[in-house]
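# Architecture at a glance
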Amino acid sequence: MTDRSQTARSHPSRKPCLTAVLRMAGLRPTRQRVALAELLFGGAHRHVSAEQLHGEASQSHVNVSLATIYNTLHQFHEAGLLREVAVDAARSYFDTDTSDHHHFYVEDEQRMIDIPAASVEFMKLPEAPKGMEVSHVDVVIRVRKTPG
Ligand SMILES: [Zn+2]
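These remarks concern the structure in this document. Just so we're clear, the structure is a prediction, and the values are computed from it rather than from any experiment.

### Re the overall build of the protein
Helices and strands together make up the secondary structure of the protein, namely five helices and six strands. Along the chain direction, N to C, the helices and strands of the protein fall in the order α-α-α-β-α-α-β-β-β-β-β. For the protein, the proportion of its 148 residues judged to be buried stands at 18%. When contacts within the protein are restricted to residue pairs at least 6 apart in sequence, those whose partners lie at least 24 apart make up 39%.

### A short note on the sheet that holds strand β3 (residues 91-95)
Read from one edge of the open sheet, three strands run β1-β3-β2, paired in antiparallel fashion. The open sheet is flanked by β1 (47-48) and β2 (83-88), the only strands paired with a single partner. Pairing between β2 and β3: five bridges, direction antiparallel. Note on β3: the bridge partner recorded for E84 is F94.

### Examining helix α4 (residues 50-59)
An α-helical turn contains 3.6 residues, so a residue and the one three or four places further along point in the same direction. Taken as a whole, α4 has its buried residues at A50, L53, H54 and A57. With its buried residues spanning 105 degrees around the axis, α4 presents them on a single face. α4 presents E51 and Q59 as exposed residues on the side facing more than 90 degrees away from its buried surface. The secondary structure elements touched by the buried residues of α4 are α3 (31-41), β1 and α5 (66-78). Just past α4, the residue H61 takes up positive phi, approximately 60 degrees.

### Quick word on the pairing of strand β4 (residues 101-106)
Every other side chain in a regular strand lies on the same face of the sheet, so the side chains alternate between the two faces. As defined by bridge partners, β4 adjoins strand β5 (residues 111-116) across six bridges and the pair is classed as antiparallel. By the bridge assignment, H101 is partnered in β5 with P116. Where β4 folds back onto β5 in an antiparallel hairpin, the turn is made up of four residues, including Q110, whose phi is positive at roughly 50 degrees. Relative to strand β6 (residues 140-143), β4 runs parallel, the two being bridged by four bridges. Bridge pairing links H103 to V140 in β6.

Conventions and cut-offs
Residues numbered from 1 in each chain as written. Predicted model: local features only at pLDDT ≥ 70, side-chain atom pairs only at ≥ 80, totals over all residues. Helix = DSSP H or I, 4+ residues; strand = E, 2+ residues; numbered from the N terminus. Buried ≥ 20, exposed ≤ 12 C-beta atoms within 10 Å, placed from the backbone. Contact = placed C-beta atoms within 7 Å. Pairing = 2+ DSSP bridges. Arc of directions from axis to C-beta.

Such coordinate-based values are descriptive only and should not be taken to indicate function.
In structure tokens, the structure reads:
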């Protein structure tokens, strides 16, 4: 057991909880991981890019490189704490809501809006290749402001 009184110093109510979440996900609760988990899971569900999280970390005086942010986001994703939503080859968002749902992507604002899973229906899906099964279907509907 580690010394909880020390890790719980700045946010006594939340930090031990996030520490437990990280442990349960099989991740060692390092200071950086706990700090980033706080930024990600401290409020309502949301979608963040690595660059956004990097900006938030700097503002909160959490000193981590963008490379560390990428690594941590991918570790959280692998551990099932985050869902990755790829908008294109260059841009991915990490969703703190890992439940089944889809997204609008607002192109002019580079922002994602949730779509409940039940509001998208598929008339026909191809069979999964032999020996495979569909794990999930991600729908990203790109939208932009109507002119005027
Ligand atoms: Zn979402």
